[in-house]
Amino acid sequence: MFRPIADLAAGGELSFTFDGRPMRARAGDTVAAALLVNGITACRETPVSDTPRAPYCLMGVCFDCLVVIDGIGNRQGCLVPLAEGMRIETQHGRRHLAEVAE
Amino acid sequence: MTPIASIEQLAESYDLVVVGAGPAGLSAAARAAELGLSVLLADENPAPGGQIYRAVTTTPVRNRAILGEDYWRGADIVARFERSQAAYAPRCTVWSIGPDEAAPGSFELGLSLDGKARIIGARQVILATGAQERPFPIPGWTLPGVMTAGAAQIALKSAGAIPSGRTVIAGCGPLLYLLASQLAAAGCQIAAVLDTTPSGNWSKALGAIPDFLRSPYLAKGLKLMLTARRKLRFVSGVTSLTATGSGKLATVQFEQGGRTGTIACDTLLLHQGVIPSVNFSNAAGCAHDFDVEQHAWVPRVDAWFASTVPGIAIAGDGAGIGGAESAALRGEIAAFGAASRLGKLSEAERDRQAAPIRTELDKKLRGRRFLDLLYKPAPQFLAPPRDETIICRCEEVTAGQVRDAARRLGVTGPNQMKAFLRCGMGPCQGRLCGPTVVELIAETRGSTPAETGYYRLRPPIKPVTLAELAALPQTEASVKAVVR
Ligand SMILES: Cc1cc2nc3c(=O)[nH]c(=O)nc-3n(C[C@H](O)[C@@H](O)[C@H](O)COP(=O)(O)OP(=O)(O)OC[C@H]3O[C@@H](n4cnc5c(N)ncnc54)[C@H](O)[C@@H]3O)c2cc1C
Ligand code: FES
C-alpha cells in the first residue's frame, strides 16, 4: 500500500510481528505506518458488520487504525511508536464475553 | 525545555498547561515560559510540530524540496520552544478537563502516557489542538485504500512513505494542491486530481478578492495551483464521487458535467478542507458558534483567545482556521492573555507587547475569507445524497438512517440522533460524523446547521482504559468522593 521514498535518511530497523508474521520497519515509524509499508491492507474489523478497515486519517481522529498490541486491544496504531519485538494483531469485531473472561 | 518521559515526572500542578505542540501550542508555551510561568506542553504525538510541521525534527525525508520551505520553517519554532524553560510531554494524551473543586478557579486535567493515567492541576489552560480534515463521506469511503489526503502527507513527513500504486486525489481546498505537489515531488504516481470546487463559488468569492490580492497566500497559492495543474491530470468540476471494490479499493467513479468516468486505483485520497477540532473545547463547556463562511463550528473567543470558560483559552486553528503562521501568532497572544490573568504581566504591558504581533496576525489573516468562500464544499459532499452512504464510520450509520430519523421520528438535533442511531457514540466520539449529521438533519428539516446545533460532548474526550483509571494515584479527595 505504501512504500519508502527514494532518498531516505539512514536509520535503524525494528522487527515486529503482525498476526504472527515477522516484519521489519524503520525505527521512528508509528505502528500504523509500519503496517502500511509492509503492505498490510486491513488492520481491524468493525464491531457492527465485521468489515475490514485500514488506517484512514493517521492523526488520531478516525480510530480505524485500532489494533491489538502486545495483548492490549483498542490501541490507536497511528499514535503508538513501533518498538522492537512488538506483537501486533488484527482487532477483530466486537469483543465477546468469553474473550473478556479469559 | 525539560522533556517528560514518564507520567511520574509531571509536577502536581502548573501555572499553565498547553495542549497540542503545533505552531500555536509551541509558541504559546515558549512565550509563557519566557514570561516566567511554569508551563507544561503535552502532545499525543511522539515529536513536536503539529500537523503542518509534523516530525520536522525527526523526519527521514532528506530532499528539502519535496516538503517545501514552509515546512522547514517549523524548525525555528521548535528550536525557540526547546530553548525555553517549559516542560514537554510527548506521547501524552490529555483526555479531560474540569474545575478543581479544592482550588476554585483552577483546573484538573486527566492525562495518559505509556498506558498510565494521572490527574494534574493547572491555573490556566490553552487548548491548541488544531484542526482536522472535514469529513468527506462518499459511497465506499470506508474501504481500505481510501484515506484522507492529510494521512498521506503525515506518512510522507513522519515515515518518508508514499502510496505505492496508482493514486487519485479528490476534493477541494488550498491544501489539496499542496498535497498533490508534495506527493508528486516525492515520486508518487498520481493518476488524477479530481477537483470538486463548485464553479459557482467563484462569483461568491469575487467580493473578497481585493483583500486576497494583498495577502501572503496569493503568490504561494497561485504557484502551487498552476504547477499542480500543469504537471498532473486535472479534472475540474467534479460533482459526484464513488469508491468501489470488494474488501479494498479498486476504482473511483466520478461525474463531471453530466458524463461519468472510472479510474482504476490503489489509493484514493480525500480532502475537502480543514475544520477546527472542537471535541476538547466542546467537552470543556466552551460556547461554540457556527461560522457561516468557514462552514464549521468555531469556539467563541475574545481578543486574547479566551473562551467562555474563564481560564481556558483556545489558540491556533482550533479557534477558527487561519493557517500555520497565524496559529503561531495566536499562540503568542493567548500566552500574553494567560500571563496577565495570572498577574505576571500588567494589562498595559500585555497590550504593549502583544501589539506588533496583532498587526502581524491581521496581515496573515487577510485574504482568508476569499479561500473560505472559494473552497466551500458543494452541498452534496457535505450531506451525501445517496442513502446507503455510511456517515458514522464507527457505528456504520448511513445517511438514509439519519434522514429517516429526522423525517419520520422528528429528531431535531444531533444529541437526540445519538440515542436513536448510536451515531457519534463510537470511539471517535463524533469527530467523523458530527458535521455530516448536523448537515443531514438541517437539510431534511429545512433548517440551518446553526439552528440544528452540535453534539454535546463529555470528557473523557478519548477512550481511557479501565486499567489506566484503576492505576490513578488516589488523592484524599478521590477517596472521599467514593467513600462518602
Ligand atoms: C491533516 C492535516 C494536514 C495539514 N497540512 C498542512 C500543511 O501542509 N500546510 C499548511 O499550511 N497547513 C496544513 N494544515 C492546516 C494546519 O493544521 C495548520 O494551519 C497548523 O498546523 C495549525 O496549527 P495548530 O498549532 O493550531 O494545530 P496543529 O498543528 O494541528 O497541532 C495540534 C496538536 O495537538 C495535538 N493534540 C490534539 N488533541 C490532543 C489531545 N487531546 N491531547 C494531546 N495532544 C493533542 C495533536 O497531536 C497536534 O500535534 C493541515 C491540517 C491537517 C488537519
Ligand atoms: S488512522 Fe485515524 S485514528 Fe489512527
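Just so you know, the residues in each chain are numbered from 1, in the order the chain's sequence is written. Chains carry letters from A onward and ligands carry numbers from 1 onward, assigned in written order. Where local features are concerned, this predicted model is filtered to residues with pLDDT of at least 70; where side-chain atom pairs are given and counted, the filter is 80 or more; whole-chain, interface and lining totals use all residues. Excluded from the side-chain calculation are hydrogens and water; included are all heavy atoms of the structure.

## A look at the environment of B:Leu10
Residue and element names in this part refer to chain B.
Moving on, step 1. Counting from the N terminus, the helices are the DSSP runs of H or I reaching at least four residues and the strands are the DSSP runs of E reaching at least two. Structurally, leucine 10 is set in the loop between strand S1 (2–3) and strand S2 (13–19).
Moving on, step 2. Remark: the alpha-carbon pair of leucine 10 and proline 385, spanning 375 residues in sequence, is separated by 49 Å.
Moving on, step 3. When sequence neighbours within four positions are dropped, the list of residues in contact with leucine 10 reads Ile4, Leu40, Ala89, Leu111, Arg118 and Ile120. Only heavy atoms matter for contacts: two residues are in contact if any of them lie within 4.5 Å across the pair.

## Considering the confidence of the model for chain B
Moving on, step 1. Per-residue confidence from the predictor is reported as pLDDT, a score between 0 and 100. When the pLDDT values of chain B are averaged, the result is 94; 97% of them are 70 or greater.
Moving on, step 2. What the predictor reports for the complex is a pTM of 0.95 with an ipTM of 0.95.

## Points about the site of ligand 1
Moving on, step 1. Taken together, 34 residues surround ligand 1, and among them B:Asp43, B:Asn45, B:Gln51, B:Gln153 and B:Asp317 come closest.
Moving on, step 2. Note on definitions. A residue lies near a molecule or strand when any single heavy atom of the residue is within 4 Å of it. Ligand 1 sits at the junction of chains A and B, each of which supplies nearby residues.
Moving on, step 3. Contacts to ligand 1 include B:Pro23, whose backbone N or O atom sits 3.3 Å from an oxygen atom.
Moving on, step 4. Accessible areas in this description were obtained via Shrake-Rupley with a 1.4 Å probe; residue shielding takes into account the shown protein chains only. Protein burial of ligand 1: of its 980 Å² of free accessible surface, 92% is covered by the chains.
Moving on, step 5. Within the residue set of the shell around ligand 1, elements represented by two or more residues are helix H1 (23–34), strand S5 (92–99), strand S8 (131–133), helix H5 (149–159), helix H6 (174–185) and helix H11 (324–341) of chain B. Throughout this description, a polar contact denotes any pair of N or O atoms lying within 3.5 Å of each other; where both atoms belong to protein, one of them has to be capable of donating a hydrogen while the other can accept it, and for residues adjacent in sequence the pair is counted only when both atoms sit in side chains.

## Considerations on unusual backbone geometry
Note: most peptide bonds trans; most residues except glycine with negative phi.
Moving on, step 1. Between B:Pro459 and the following residue, B:Pro460, the backbone shows a cis peptide bond with an omega angle of 0°.
Moving on, step 2. Relative to the elements of secondary structure, B:Pro460 occurs in the loop between helix H18 (449–452) and helix H19 (466–470).
Moving on, step 3. With phi around 55°, A:Leu58 is a residue other than glycine that occupies positive phi space.
Moving on, step 4. When you line up the elements, A:Leu58 lands in the loop between strand S5 (52–53) and strand S6 (66–69).
Moving on, step 5. Phi angles above zero are rare outside glycine, and B:Phe305 is one such case at about 65°.
Moving on, step 6. Within the secondary structure, B:Phe305 sits in the loop between strand S20 (296–299) and strand S21 (312–314).

## Things to note about the sheet that holds strand S17 (residues 267–272) of chain B
Neighbouring strands of a sheet are bound in pairs by backbone hydrogen bonds; such pairs are parallel or else antiparallel.
Residue and element names in this part refer to chain B.
Moving on, step 1. Two strands make a pair as long as DSSP finds a minimum of two bridges between them. One open sheet accounts for five strands, arranged S9-S17-S11-S12-S13; its pairing is parallel. Bordering the open sheet on either side are strand S9 (146–148) and strand S13 (234–235), each of which pairs with just one other strand.
Moving on, step 2. Here strand S11 (residues 167–172) runs beside S17; their pairing, made up of six bridges, is parallel. If you follow valine 168 over to S17, its bridge partner there is leucine 268.
Moving on, step 3. Sitting on the sheet, H5 is in contact with S9 and S17, with an inclination near 80° to S9. Only C-alpha atoms enter the line fits that serve as axes; for helices the fit covers just the stretch in contact. Angles between N-to-C directions range over 0 to 180 degrees.

## Brief notes about the pairing of strand S7 (residues 116–127) of chain B
All names here are of chain B.
Moving on, step 1. When accessible area is computed with a 1.4 Å probe and restricted to protein chains, residues below 20% of their type maximum are described as buried, those above 50% as exposed, and intermediate ones as partly exposed. Judged by how many residues are buried, S7 sits mostly within the fold: nine of twelve residues are covered.
Moving on, step 2. Bridging between S2 and S7 involves six bridges; their strand directions are parallel. The residue of S7 that forms the bridge with leucine 16 is glutamine 124.
Moving on, step 3. The pairing of strand S6 (residues 107–113) with S7 spans seven bridges and is antiparallel.

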